[in-house]
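Each chain, letter by letter, is given below.
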Amino acid sequence: MNDIEARIVQLNQRLKEYGHAYYVLDQPLVADGVYDQLMQELIALETANPSLIFPDSPTQRVGGQVLPGFTKVTHDTRMLSLGNAFNEQDLREFDRKIREQLGTVNYVCELKIDGLAISLKYVDGLLVQGATRGDGTTGELITENLKTIYAIPLRLKEPITIEVRGEAYMPKSSFLRLNEQRLANEEEPFANPRNAAAGSLRQLDPKVAAKRHLSTFIYGVGGDTESYGIASHSEMLAYLAEQGLPINDTSRRCAHIEDVLAFITEWTEKRDDLAYEIDGIVIKVDRYDQQEELGYTAKSPRFAIAYKFPAQEVATTLLAIDLTVGRTGVVTPTAILAPVQVAGTTVQRASLHNEDLIKEKDIRIGDRVIIRKAGDIIPQVVDVILAERPADSVPYEMPACCPVCASELVRIEGEVALRCVNPKCFAQIAESIKHYVSRNAMNIDGCATRSCVSK
Ligand SMILES: [Zn+2]
């Protein structure tokens, strides 16, 4: 091994170690700048010596080509979905049936991450394939996009061959940043982190996925568990963590259903503090031999169940539709609502996205509408209760004129939004000034942006 090769091997090892500490353990070992510097050095050495680019080099995460389309892939063993529990009674029933058959059992409770189910295949320790769950039997090959997720190791600690399963998700912070950018570019914001994660992983260009800052938790293995000499789910999670895979550290072993219920109560209260969205709690019988004994129904395993948090949706009355004009003249409708409590906060305004949603759902002023709010996400109008529609209601018409300058609104070919195209429109000038002094542009401190604008 010459000096260059030795340095490349060393850089590979260091960057992997630092990456694992940062993305998986959440305990950075070095400053971001140090990491970037080593990465730049490795990129330079590899560019000069392409024969020394290892398949699991950290530079290979975003090296994938733009794909013409996605290839379907059949899972070796089906990726089953779990049966659902919606309340304490469902959970006690699940527990009663299991104890009837097995006597005593231990359960493992895990947070149910609200993302996209994925499968990762490692051969001799190297990541060779990543796929979506799809319908459980057939998924889509998204290996290059999954490689852009830094929490996913390109090589495991040991040269084992294994298929692991987990959830790819978008952290709340990435989601908020992404939607801010999209709104600034006047692109449609994503409705929630799950949609944003799914949309990112279905990008044909891995460079787009790389910019979306997704993450992953692994929660199990596909196929036979016997060959690993591991007797329970909780031991398997520990084993997968040893292999360098990202495992959620909140899972808890519970000896009684009362402990399971306590775990659920605890996380129902703490869920908004998490850096990612969860939509429930997964409860599994811990021991593999007991899982085997319980077996499966046609659709799902009998040894596990998913408790779903109550929906964060409520009904309220749509009082008015407020129209705002943005910097480039785009007119955005916002729902003004009779104040209502959703997910612990009072909601009086909700997003209607654009005119198409209003038309598609035939949303009318005076309607009873369904509002959804989850975590930090902007509340949204998701549906109309047609049965409660007032007899005298009329379809909503977007105005023909700008609500600020009264000039005629136009719809630009191929765009969803209506625009005011009057260059002297006060709303647009004011929004431009606001944008100019904002952090994204000039970052002028102390300018009272609000007083610049009066609408
Ligand atoms: Zn205008």
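Each chain has its residues counted from 1, following the order in which its sequence is written. pLDDT decides what is reported in this predicted model: residues at 70 or higher carry local features, side-chain atom pairs at 80 or more are listed and counted, and totals for whole chains, interfaces and linings draw on all residues regardless. Side-chain measures were taken over the full set of non-hydrogen atoms in the model, leaving aside hydrogen atoms and water.

Novice: Could you give an account of the coordination of the zinc ion, with specific residues and numbers?
Specialist: Coordinating donors are taken as N, O and S atoms within 2.8 Å of the metal, stretched to 3.2 Å for Na, K and Ca; because water is absent from the atoms, sites can appear incomplete. Looking at the zinc ion, the protein donor atoms are Cys402 (SG), Cys405 (SG), Cys420 (SG) and Cys425 (SG), and they sit 2.2 to 2.4 Å from it. Around the zinc ion, the 4 donor atoms are arranged such that angles at the metal cover 99 to 118°; this shape is classified as tetrahedral. Mapped onto the sequence, the donors of the zinc ion take the spacing C-x2-C-x14-C-x4-C. Taken together, the residues span a long stretch of sequence, with Cys402 in the loop between strand S16 (380-384) and strand S17 (409-411) and Cys420 in strand S18 (residues 418-420) at a distance of 18 residues. Any site counts as irregular unless it has four donors with all angles between 85 and 135 degrees, making it tetrahedral, or four or six donors with opposite ones more than 155 degrees apart and the rest between 65 and 115, making it square planar or octahedral. Helix and strand definitions here come from DSSP, where helices need a minimum of 4 consecutive H or I residues and strands a minimum of 2 consecutive E residues; each element is numbered from the N-terminal end.

Novice: Report on the sheet that holds strand S11 (residues 304-308), specifying residues and quantitative values.
Specialist: Strands were regarded as paired on the criterion that DSSP finds at least two bridges between them. The mixed open sheet is built from 5 strands, whose spatial order is S2-S11-S10-S3-S9. One side of each edge strand has no neighbouring strand; the edge strands of this open sheet are strand S2 (83-85) and strand S9 (252-254). Strand-to-strand twist in this sheet, taken as the mean axis angle between neighbours without regard to direction, amounts to 35°. As judged from the 7 bridges shared by strand S3 (residues 107-113) and strand S10 (residues 278-285), these two strands associate in the antiparallel manner. For Ile113, the partnering residue across the bridge sits in S10 and is Ile278. The contact criterion used throughout is that any non-hydrogen atoms of two residues lie within 4.5 Å. Orientation is described by lines fitted to C-alpha atoms, with helices fitted over the stretch in contact, and by angles between N-to-C directions that extend from 0 to 180 degrees. Helix-sheet contacts for helix H3 (residues 88-102) involve S2, S3, S10 and S11, and the interaxial angle to S11 is about 170°.

Novice: I'd like a rundown of the nonpolar core, residues and numbers included.
Specialist: If you look at the biggest cluster of nonpolar residues, it comprises 36 residues, and the most contacted ones within it are Leu120, Tyr122, Ile162, Val164 and Leu240. For this core, the secondary-structure elements that each account for two or more residues are strand S4 (116-123), strand S7 (162-169), helix H5 (172-184), helix H6 (193-201), strand S8 (215-221) and helix H8 (233-242). Beyond its immediate stretch of four places on either side in the chain, Leu240 contacts Ile162, Val164, Ile218, Gly220, Val221, Leu245 and Ile247. One finds Ala85, Leu102, Ile264 and Phe309 within the second-largest nonpolar core, a separate group that totals 31 residues. We call a set of buried Ala, Val, Leu, Ile, Met, Phe, Trp, Tyr and Cys residues a nonpolar core when their side-chain atoms join them within 4.5 Å. To sort residues, take the accessible area from a 1.4 Å probe on protein chains only and compare it with the maximum for the residue type: under 20% means buried, over 50% means exposed, and anything in between is partly exposed.

Novice: Explain the state of the cysteines to me, using residue names and the numbers behind them.
Specialist: Criterion for a disulfide: a pair of cysteine sulfur atoms at a distance within 2.5 Å. Taken as a whole and judged by the stated rule, the model has 0 disulfides. We note that Cys254 lacks a disulfide partner, and the nearest cysteine sulfur, in Cys109, lies 3.9 Å from it. With a relative accessible area of 1%, Cys254 lands in the buried category. Note on Cys401: no disulfide assigned, nearest cysteine sulfur contributed by Cys402 at a separation of 8.6 Å.

Novice: Now, about the sheet that holds strand S5 (residues 126-132): what can you tell me, with residues and values included?
Specialist: Strand order in the open sheet formed by 4 strands is S5-S4-S7-S8, and the pairing between neighbours is antiparallel. Whereas interior strands pair on both sides, the edge strands pair on one side only; in this sheet they are S5 and S8. Geometrically, the sheet is characterised by an average inter-axis angle of 30° between neighbouring strands, direction not taken into account. Looking at chain direction, S7 and S8 are connected through 6 bridges and run antiparallel. Considered in S8, the bridge of Val164 is made with Val221. The sheet strands contacting H8 are S7 and S8, and the helix crosses S8 at an angle near 135°.

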